[in-house]
Amino acid sequence: MTGGDGAAPLRRTGTAQRATFLELFFDLVYVFALTRISFRAFEDLALEPGGTTGWSPVTGGVKTLLLLLALWAVWQGTAWTTSRYDPHHSWLQLVVITALVGSMVMGVAIPRAFTSTGLAFAVAYVVTQVSRPGLLLLALGSHEYRRLKLRMLITFGATGVLWLTGAFLSPTPRGLLWALALVVEYLAARFGWPVPGLGRSRASRWDVAGEHLAERYQQFFLVALGETILVGGLAYSTGPFDPARTGAFAVALVTSVLLWRIYVQRAGQVLAEAVVRSRHPSDTGRSAADTHLAMVVGLVGTAIGYELTIEHPLTSPEAAWVVLLVGGPVLFLLARARFEYEVFGRVSPSRWLAAALLVVLFPLLLHVVPLVSATVAALVLGGVAAADARRARGHPPEPATPPL
């Protein structure tokens, strides 16, 4: 840890805004944690010997999404913290290390979080969320930012009771309490962490290193994209390597490349520029956070669809499988359209037209094998990537013009 830690851990103007090695190390935990999300969903959706799924797609999907949102809350809270404060300061490094360990425990607990490992998941989450404002409260001393950390500490302390109480209940009430806790936390963050008697704060007035925050979201997108490749590779590597499974793996790999291409062309490349140019970088960063969350959920859904397709390429599909194979790319495209608006103030028609096409094709895809559905989704994404390349050909790179 660095020296000079006696002062408040504030970022200095003009300091480098690149992510630290510790932050990148922290991200590696999420490659593992996201694979556990996919594993949990796949295990629920995989065919039983009788030929039908033993899982309610709605309730199981909501529970998996809840766990993913909890992971995102920890990552996002840590990313915003290192974007507002000096990530080389020892107190900040302790915050990141605590989040790293907590996220790892959460990842290990995810597959059985609603049965035998619920308490481990809840304790890891609560400790991570409470320790972050608690440590910063100590590090900031008498600085004015201290009031914000106190409100955050009170909020996470209150919702922590819901998390820990839920861990001792059966799956359904556990899920309800955990969902309530997440709703309270997300609303508190949205409205400036209001606490009676202590007031609230506006995100637009927060000092934030815009380039650093933008880079962190780009890196998390790459983590989620890497998870899609990892899930597909692991599923295929178990064999057998017959033509149908090989074709499904090839489609999954091509789809991952197309998702990367659509993201980076060109909004994904200039997100940092958009945040810096914005009149209110914190507002732009918060909007981009919501958009990246939606894109990541789309990627995770697509990865689960990959795995199901590779394992059952020519099997008569369950409706939930098609929802993942089609819904994942649709959600990604819609979120990517919003992302384009955040960066450029306009949306290319190809994104919402492609999403609409997949929705229209959904009833037909319910009656074809998963390999066909995955191939159709890949072809539609390929059309979007081709439209992006054609629009950019012969024109200078478009500068960021954020509307916020």
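Analysis parameters
Residues numbered from 1 in each chain as written. Predicted model: local features only at pLDDT ≥ 70, side-chain atom pairs only at ≥ 80, totals over all residues. Heavy atoms only, no water. pLDDT = per-residue confidence, 0-100. Contact = heavy atoms within 4.5 Å. Phe/Tyr/Trp six-rings, centres within 6.5 Å; stacked < 30°, edge-to-face > 60°. Helix = DSSP H or I, 4+ residues; strand = E, 2+ residues; numbered from the N terminus. Buried < 20%, exposed > 50% of the residue type's maximum accessible area, 1.4 Å probe, protein only. Lys NZ or Arg CZ within 6 Å of the ring centre and 35° of its normal. Salt bridge = Lys/Arg side-chain N within 4 Å of Asp/Glu carboxyl O. Core = buried A, V, L, I, M, F, W, Y, C linked by side-chain atoms within 4.5 Å. Patch = residues over 30% accessible without salt bridge, like charges linked within 9 Å, V, L, I, M, F, W, Y side chains within 5 Å. Areas by Shrake-Rupley, 256 points an atom, 1.4 Å probe, with all protein chains shown as cover. Axes fitted to C-alpha atoms, helices over the stretch in contact; angles between N-to-C directions. Parallel < 35°, antiparallel > 145°, perpendicular 65-115°, else oblique. Left-handed = near helix turned anticlockwise from the far one by under 90°.

Enquirer: Help me get a handle on the confidence of the model for the protein chain, residues and values and all.
Expert: On average, residues of the protein chain score 90 in pLDDT, and 93% of them are at 70 or above. Below a pLDDT of 50 lies the segment residues 47-55, which in the model reaches 17 contacts outside its immediate sequence neighbourhood of four places, other chains included.

Enquirer: Please provide a residue-by-residue account of the packing of aromatic side chains, values included.
Expert: What the rule picks out here adds up to 19 aromatic pairs. With centroids separated by 5.2 Å and ring planes inclined at 75°, the aromatic side chains of Trp72 and Phe220 adopt a geometry described as edge-to-face. You can see Trp72 sitting in helix H2 (residues 57-84) and its partner Phe220 sitting in helix H7 (residues 210-237), a full 148 residues away along the chain. For Trp72, a relative accessible area of 3% translates into the label buried. Through successive ring pairs, a cluster of aromatic residues spans Phe26, Tyr30, Trp72, Trp75, Tyr217 and Phe220. Its end group placed over the ring of Phe114, Lys63 keeps NZ or CZ at 5.3 Å from the ring centre. The ring of Tyr145 has Arg84 sitting right over it, with the charged end atom 4.7 Å from the ring centre.

Enquirer: A description of the pattern of salt bridges should follow, citing residues and the corresponding values.
Expert: All chains considered together, the criterion is met by 13 salt bridges. For Arg245, the salt bridge identified is with Glu311, shortest N-O distance 3.6 Å. One end of the pair, Arg245, is in helix H8 (residues 243-268); the other, Glu311, is in helix H10 (residues 281-311), with 66 residues separating them in the sequence. Among the residues examined, Arg245 registers a relative accessible area of 4% and is labelled buried. Among the residues examined, Glu311 registers a relative accessible area of 28% and is labelled partly exposed. For Arg351, the salt bridge goes to Glu340, with nearest N and O atoms at 2.9 Å. Here Arg351 is found in helix H12 (residues 349-365), whereas its partner Glu340 is found in helix H11 (residues 319-344), with 11 residues between them in sequence. Overall, the relative accessible area of 0% leaves Arg351 in the buried class. Looking at Glu340, the relative accessible area reads 2%, which means it is buried.

Enquirer: Explain the nonpolar core to me, and be specific about the residues and the numbers.
Expert: The biggest cluster of nonpolar side chains holds 91 residues, and the ones touching the most others in it are Phe121, Trp163 and Trp178. Sorting elements by how many residues they give to this core places H11 first, with 12 residues. Other than its neighbours up to four places away in sequence, Trp163 contacts Leu66, Ala70, Phe121, Ala122, Tyr125, Val126, Trp178, Ala181, Leu182 and Glu185. Counting nine residues, the second-largest nonpolar core is a separate cluster that includes Ala248, Val251, Ile310 and Ala374.

Enquirer: Describe the environment of Val127, listing the residues and the values that go with them.
Expert: Relative to the helices and strands, Val127 resides in helix H4 (residues 118-140). You can call Val127 partly exposed: its relative accessible area is 45%. Sequence separation of Val127 and Ala377 is 250 residues, and the distance between their C-alpha atoms is 41 Å.

Enquirer: Tell me about a nonpolar patch on the surface, residues and numbers included.
Expert: Together, Leu119, Val123, Val127, Leu164 and Phe168 make up an exposed nonpolar region whose accessible area comes to about 430 Å². A per-element tally of the nonpolar patch places H4 first, with three residues. Along the chain, Phe168 falls in the loop between helix H5 (146-166) and helix H6 (171-190). Taking the relative accessible area as the measure of exposure, Phe168 reaches 64% and is therefore exposed.

Enquirer: For the side chain of Thr302, give the residues involved together with the corresponding values.
Expert: You can see Thr302 is positioned in helix H10. Apart from the residues within four sequence positions on either side, Thr302 is in contact with Thr255, Leu259, Leu324, Gly328 and Pro329.

Enquirer: Report on the packing of H10 against H11, specifying residues and quantitative values.
Expert: What describes two packed helices is the angle between their axes and the distance between those same axes. Closest axis-to-axis distance for the H10/H11 pair is 7 Å, and the angle between their directions is 155°. Between H10 and H11, the crossing angle belongs to the class labelled roughly antiparallel. As for how H10 packs across H11, the hand of that crossing is left-handed.

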